[in-house]
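Descriptive structure summary
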Amino acid sequence: MAKNLMKGCEAIAEAAIQAGCRYFFGYPITPQNDIPEYMSARMPKIGGCFLQAESEVAAINMVYGAAGAGARVMTSSSSPGISLKMEGISYIAGAELPCVIVNMMRGGPGLGSIQASQGDYFQTTKGGGHGDYHMIAYAPASVQEAIDLMQTAFDVADKYRTPVMVLADGIIGQMMEPVEIKENTGNAPKKDWATTGWKKGERARAVVNSLYIEVEDLEEMTERLQARYRQIEKDETLVECYNTDGAEFILCAYGTVARICKTAIAQLQKQGVKAGLVRPITVWPFPAKAVHDAMCAPGVKMALCVEISAGQMIEDVRLAVNGEREIAFLGHAGSRVPTAEEIAEKVLAMRGA
Amino acid sequence: MLEQNLFAGFGGQGVLLMGQLLAYAGMLEGKYVSWLPAYGPEMRGGTANCSVNISDEPIGSPVVSKATAVVAMNRPSLDKFESAVQPGGMLFINSSIIDRKAQREDIRAYYVPCNEIAEELGNGKVANMVMLGAYLEKTRCVDMEGVLDALLHKLGEKKANLIPVNREALKRGAGAVG
């Protein structure tokens, strides 16, 4: 199949459709408006449903309903809008329902900026909504990877009956790159639990619920979730190790920033400095072992975490190395994207120090 | 090969399109490409710009901070991005509406009267294609016909009649720096 030059947001929307998503509920916010725009044009043509809700809260609860009825369903938003969806996401996690949520991160806190940011790492990986739940969260670093992960996201959501987030940023959403979108990747499993109507004697009644008044009942549910999360950690963790063999300097970054680190690594190579990158593709589950092994390898002298935030993922990096190595940080809170030159200079300065 | 380009001008000059055509043409030649617009609080009459990478290898940073070539279609763009040219890199200046020369001496500056040439061709809108022709002549990073294929893809067959004037614009731009 020939490659096509596509904008990240549009490519993500088309990838979702090819993965069998037929329901989209959303509310506009920059920099992800191209997703609902694309869906509004495509969904009616393929018998799907695009609905612009009256708010983000309404949109996520429509997702909740469609997921309960067994649909492949998604929503998308950007940071402030994702905050509004958090209550619904917690309910969906508690009701053990599958859905996909795209977050094109922008600067925060508050309304922040409309530029790219990585300030929602804590919100994504440490809860966001209330209660003991997790979302699987994929952090693509290119438009093609966003497409591939989008298709994976629907399968994984169905497999574990859990909300899955695709955590990108404004740059991934607005950038154009050559891509290939695989067609008809959707293979939704049969959903016996879906509330699709009931006739006596056919099957057990399907109930969508996240309320467990009895302590024992709630504990049974949360233990089931926790067991599932341990399985997800074991089977679904994704990571890329780039140039790490024999590197004296290890960078850790995800998404767009990881790509910028690769350019910095090429610049450093020209100056005789061998640096490598460990890139979490899932930020939850966090690839703790791979990060530890890359950063604590015998030849490694220093390690640096780079983010467009005041330092969020670095907490997981530090937990992963558990004091075996000091982790330096380079980042900007808000939306200023670190440049490759800045990263290379930081590495050289640390090396000289 | 890694060409890291910044195209800048005011809204309506077609700087985002120039970048897209270049990226598309690069893709047609099997190269790695990326196109990233500045999508901040740009306003009408304000500056618009995009980063375009073309490479034989996978592209790292999609954000161009140090450019092998900068295209400045108006004065504010020149003022903002002259410093972003790598030493030895190229700076293309739309001399029709930019009233100053490049200040740096460690770069190669080319002056292209884009608007005048476009008007001579009878279509003021092709000023961006004149500049793209000059850019292609000096960088040789993609084939001119690929750019026209990209333009046809963008315009659609119904507007295929616009291809000849755009081809002419590319050629005249190339001639202006050749």
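Residues numbered from 1 in each chain as written. Chains lettered and ligands numbered in written order. Predicted model: local features only at pLDDT ≥ 70, side-chain atom pairs only at ≥ 80, totals over all residues. Heavy atoms only, no water.

**A closer look at empty space enclosed by the protein**
Residue and element names in this part refer to chain A. Summed over the entire model, instances satisfying the criterion amount to one cavity of 30 Å³ or more. If you trace the largest cavity, you find it lined by Ala71, Arg72, Val73, Pro98, Cys99, Val100, Phe154, Ala157, Asp158 and Lys191. Residue assignment for the lining of the largest cavity shows that the elements contributing at least two residues are strand S5 (99-105) and helix H6 (143-160). Among the elements that take part in the lining of the largest cavity, H6 stands out by supplying three residues, more than any other. (1 Å grid on protein atoms, 1.4 Å probe; cavity = no way out; pocket = protein on both sides within 12 Å on 5 of 7 lines; lining within 4 Å. Points joined across faces, edges and corners; volume = space filled by probe spheres on them. Helix = DSSP H or I, 4+ residues; strand = E, 2+ residues; numbered from the N terminus.)

**Here we look at the packing of helix H9 (residues 255-270) of chain A against helix H12 (residues 340-352) of chain A**
Residue and element names in this part refer to chain A. Taken N-terminus to C-terminus, the directions of H9 and H12 make an angle of 55°; their axes are 8 Å apart at the nearest point. Of the possible angle classes, the one that applies to H9 and H12 is oblique. You can see that H9 and H12 cross each other, and the crossing is right-handed. Across from Ile260, Cys261, Thr263, Ala264, Gln267 and Leu268 in H9, the residues of H12 making contact are Ala340, Glu341, Ile343, Ala344, Val347 and Leu348. Grouping the constituent residues of the contact of H9 with H12 by class yields nine nonpolar, two polar and one charged. (Axes fitted to C-alpha atoms, helices over the stretch in contact; angles between N-to-C directions. Parallel < 35°, antiparallel > 145°, perpendicular 65-115°, else oblique. Left-handed = near helix turned anticlockwise from the far one by under 90°. Contact = heavy atoms within 4.5 Å. Nonpolar A, V, L, I, M, F, W, Y, C, P; charged D, E, K, R; others polar.)

**What to know about the packing of aromatic side chains**
Scanning the entire structure with this criterion turns up seven aromatic pairs over all chains. Considering the side-chain rings of Tyr121 of chain A and Tyr254 of chain A, the 5.7 Å spacing of their centres and the 45° angle between planes classify their relative orientation as tilted. Of this pair, Tyr121 of chain A sits in helix H5 (residues 121-125) while Tyr254 of chain A sits in the loop between strand S10 (249-252) and H9, and the two are 133 residues apart along the sequence. For Tyr121 of chain A, a relative accessible area of 0% gives the class buried. Under the relative-accessibility criterion, Tyr254 of chain A is labelled buried at 1%. On the numbers, 5.7 Å between centres and 80° between planes, the contact of Tyr229 of chain A with Trp284 of chain A is edge-to-face. With Tyr229 of chain A in helix H8 (residues 215-236) and Trp284 of chain A in strand S12 (residues 282-284), this residue pair connects regions lying 55 residues apart in the sequence. Accessibility assignment for this pair places Tyr229 of chain A and Trp284 of chain A in one class, buried. The residue whose ring lies beneath Lys262 of chain A is Tyr242 of chain A, and the NZ or CZ to ring-centre distance is 4.7 Å. The ring of Tyr111 of chain B is capped by Lys101 of chain B, whose NZ or CZ atom sits 4.3 Å from the centre of that ring. (Phe/Tyr/Trp six-rings, centres within 6.5 Å; stacked < 30°, edge-to-face > 60°. Buried < 20%, exposed > 50% of the residue type's maximum accessible area, 1.4 Å probe, protein only. Lys NZ or Arg CZ within 6 Å of the ring centre and 35° of its normal.)

**A few points about the pairing of S5 of chain A**
Residues and elements named next belong to chain A. Here S5 lies mainly inside the structure; seven of its seven residues are buried. Burial along S5 is two-sided: Cys99, Ile101, Asn103 and Met105 facing one way and Val100, Val102 and Met104 facing the other are all buried. Relative to strand S7 (residues 163-169), S5 is paired through seven bridges, and the arrangement is parallel. Each residue of the ladder has a partner; that of Met105, found in S7, is Asp169. (Pairing = 2+ DSSP bridges.)

**Observations regarding the pattern of salt bridges**
Applying the stated criterion across every chain, the model contains 29 salt bridges over all chains. For Arg351 of chain A, the salt bridge goes to Glu248 of chain A, with nearest N and O atoms at 3.3 Å. Placement of the pair is Arg351 of chain A in helix H12 and Glu248 of chain A in the loop between strand S9 (239-242) and S10, with a sequence separation of 103 residues. Of the charged contacts in the structure, one is a salt bridge between Glu137 of chain B and Arg140 of chain B, with a shortest N-O distance of 3.1 Å. Its relative accessible area of 24% is what places Glu137 of chain B among the partly exposed residues. Residues participating in the shared-partner salt-bridge network are Arg75, Asp79, Glu82, Asp99 and Arg100 of chain B. (Salt bridge = Lys/Arg side-chain N within 4 Å of Asp/Glu carboxyl O.)

**Examining the domain arrangement of chain A**
All names here are of chain A. Parsing chain A into structural domains produces domain 1 (4-236) and domain 2 (240-352). Here domain 1 and domain 2 have C-alpha centroids that lie 29 Å from each other. The interface of domain 1 with domain 2 comprises 35 residues on the first partner and 25 residues on the second. Of the roughly 2,400 Å² buried between domain 1 and domain 2, counting both surfaces, carbon and sulfur atoms make up 55%. Taken as a group, Gln118, Tyr121 and Phe122 account for 31% of the area that domain 1 buries against domain 2, more than any other trio of residues on that side. (Domains from an automatic or database assignment. Buried area = accessible area lost by both parts, 1.4 Å probe.)

**Let's talk about the sheet that holds S12 of chain A**
Within a beta sheet, neighbouring strands are joined by backbone hydrogen bonds and run either parallel or antiparallel to one another. All names here are of chain A. Taken together, the seven strands give an open sheet; going across it, the order is S3-S2-S4-S5-S7-S6-S12, and neighbouring strands pair in mixed fashion. Looking at which strands have only one partner, the edges of the open sheet turn out to be strand S3 (49-52) and S12. Direction aside, neighbouring strands of the sheet carry axes that sit 20° apart on average. In this sheet, S3 lies alongside strand S2 (residues 23-26) in parallel orientation, the contact comprising four bridges. Residue pairing for S3: Phe25 is matched across the bridge by Leu51. Lying on the sheet, helix H4 (residues 79-94) is in contact with strand S4 (73-77), S5 and S7; it crosses S5 at an angle near 160°. The strands that H6 touches are S4, S5, strand S6 (136-138) and S7; relative to S6, the one it contacts most, it runs at about 175°.

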